Structure formats: structure tokens, C-alpha cells
Amino acid sequence: MPAEAESIGFLLTRIHNNMDRQANNNLKFSGMTFSQMRILYYLLKHGEAPPSQKDIEDFLQVSHPTVVGLIKRLEAKGLVHSGFDSADRRVKSVYLTAEGWGFISAVREHNAQMEQRITAGMDAQEVECLRLLLRRVLENILNDNGGQYAQNEKNT
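Criteria and thresholds
Residues numbered from 1 in each chain as written. Predicted model: local features only at pLDDT ≥ 70, side-chain atom pairs only at ≥ 80, totals over all residues. Heavy atoms only, no water. Helix = DSSP H or I, 4+ residues; strand = E, 2+ residues; numbered from the N terminus. Buried < 20%, exposed > 50% of the residue type's maximum accessible area, 1.4 Å probe, protein only. Contact = heavy atoms within 4.5 Å. Areas by Shrake-Rupley, 256 points an atom, 1.4 Å probe, with all protein chains shown as cover. Phe/Tyr/Trp six-rings, centres within 6.5 Å; stacked < 30°, edge-to-face > 60°. Salt bridge = Lys/Arg side-chain N within 4 Å of Asp/Glu carboxyl O. Axes fitted to C-alpha atoms, helices over the stretch in contact; angles between N-to-C directions. Parallel < 35°, antiparallel > 145°, perpendicular 65-115°, else oblique. Left-handed = near helix turned anticlockwise from the far one by under 90°. Nonpolar A, V, L, I, M, F, W, Y, C, P; charged D, E, K, R; others polar.

Asks: Can you walk me through the overall build of the chain in this structure?
Replies: Looking only at helices and strands, the chain features seven helices and two strands. Counting helices and strands in the order they occur from the N terminus, the chain gives α-α-α-α-β-β-α-α-α. Counting the 156 residues in the chain, one finds 28% classified as buried. Taking the contacts inside the chain whose residues are at least 6 apart along the sequence as the reference set, 48% of them involve residues at least 24 apart. With an accessible surface of roughly 10,400 Å², the chain has 55% of that area assigned to carbon and sulfur atoms.

Here's what the structure looks like:
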């Protein structure tokens with residue numbers, strides 16, 4: 001299929017799949033997966049206000065058992081701990097440990113290198129234009145969804 005005939009959705013899917021594969025390959029040294037890293041970054045963004053397991057389910061768009069398994073593996077690595085909220089014992093929150101904070105700080109350097117790779121050959125104006133267009137695509141998708149996922153993404 002000629003490049004001009006490729007759909008935008010197909011190109012975005014190819015980009016996502018390749019970045020996901022490369023991220024998982026790069027994380028093998030630490031025994032981490034991309035999904036586990038997404039949880040760590042989600043926790044980092046929340047800082048002192050830890051999210052609940054339900055918040056993480058909504059963010060990742062995966063089932064409760066999947067989130068429980070991911071968190072258990074992160075706990076076994078000493079990167080997070082979870083506990084019931086003192087105000088509402090039905091809510092189980094997830095917290096970054098000191099080791100988790102250290103690990104995620106080290107990974108930021110790799111992310112900066114990946115950002116440079118993604119934007120290679122682009123000037124600052126083109127990079128900002130790409131960022132703007134990708135945000136617009138995301139907004140279009142989220143607004144079309146209209147569901148809880150759209151609201152959760154806007155809050156992150």
C-alpha cells in the first residue's frame with residue numbers, strides 16, 4: 001500500500017506496537033514490563049495523593065485481577081506497597097516506595113533518549129506541532145468515547 005494511502009489509525013497502531021515492543025525489550029534488564037512502568041508513572045503523577053486500585057484499572061483499561069497481579073509483582077520487587085484507606089476500608093490505595101521513586105528516576109533518562117529518537121530530524125517548531133496534533137487526536141478520541149475513560153485520561 002502506498003504511504004499516502006495508509007490510514008492514520010493504522011500508522012498510530014504501528015507506532016504504538018513498535019514503541020511497546022521496544023519498551024518491553026529495554027525493560028527486560030530490570031525484570032519490568034511496560035504495563036508495570038505505566039503504573040509507576042501513574043503513581044508518580046499522583047505524588048502524595050495515591051490512587052486506588054480502581055483508579056489504576058480505569059487508567060490502564062484492564063480488569064481488576066490484571067491490576068492486582070501487576071501490583072503484586074511490583075510489591076515483590078519492592079517498588080510499591082498497597083494498603084486500605086483509613087477513611088474508607090473498601091478502597092485499596094497504591095504507593096510508590098523509596099525504591100520505586102529511585103527506579104523511576106533512573107528510567108527518566110531512557111525516556112529522554114526515546115523522545116530524541118522519536119523526534120530525530122525535526123526542529124523545535126515541528127516537535128511542538130507534532131505534540132499539538134497528537135494531543136488533538138487524543139482529545140478527539142476521548143471526546144468521541146464520552147465514557148469514564150475520557151474523564152480519567154483528562155484527570156491524568
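Now that the structure is up, let's keep going.
Asks: In this structure, what is going on with the packing of aromatic side chains? I would like to understand it.
Replies: Each aromatic ring pair is characterised by the separation of its centres together with the angle its planes make. A full pass over the atoms with the stated rule returns one aromatic pair. Look at Tyr42 and Phe59: their rings are 4.3 Å apart centre to centre, the planes differ by 20 degrees, and that puts the pair in the stacked class. Here Tyr42, found in helix α2 (residues 34-46), pairs with Phe59, found in helix α3 (residues 53-60); they are 17 residues apart in sequence, far enough to count as distant. Taken as a pair, Tyr42 and Phe59 share a single burial class, namely buried.

Asks: Quick question: what am I supposed to make of the pattern of salt bridges here?
Replies: Summed over the entire model, instances satisfying the criterion amount to four salt bridges. A salt bridge links Glu128 to Arg131; the shortest N-O distance between them is 3.2 Å. Highlighted residues: Glu128 and Arg131, both in helix α6 (residues 124-145), separated by three residues, approximately one helical turn. Bridged by salt links that share partners, the residues Glu115, Glu128 and Arg131 form one connected network.

Asks: Just to check I follow, could you spell out the packing of α2 against α3 for this structure?
Replies: Describing two packed helices takes the angle between their axes plus the distance from one axis to the other. Interaxial distance between α2 and α3 falls to 11 Å at its minimum, and their mutual angle equals 120 degrees. In terms of axis orientation, α2 runs oblique to α3. The element α2 and its partner α3 pack so that their crossing is right-handed. Contacts between α2 and α3 involve Arg38, Ile39, Tyr42 and Leu43 from the former and Asp55, Ile56, Phe59 and Leu60 from the latter.

Asks: I'm lost on the packing of α2 against helix α5 (residues 98-118) in this one. Help?
Replies: Viewed as axis vectors pointing N to C, α2 and α5 meet at an angle of 105 degrees, and their least axial separation amounts to 11 Å. Our classification of the angle between α2 and α5 gives roughly perpendicular. From α2, Met37, Leu40, Tyr41 and Leu44 reach across to α5, where they touch Trp101, Phe103, Ile104, Val107, Arg108 and Asn111. Split into classes, the residues belonging to the contact of α2 with α5 amount to eight nonpolar, one polar and one charged.

Function-wise, these values are silent; they only describe arrangement.
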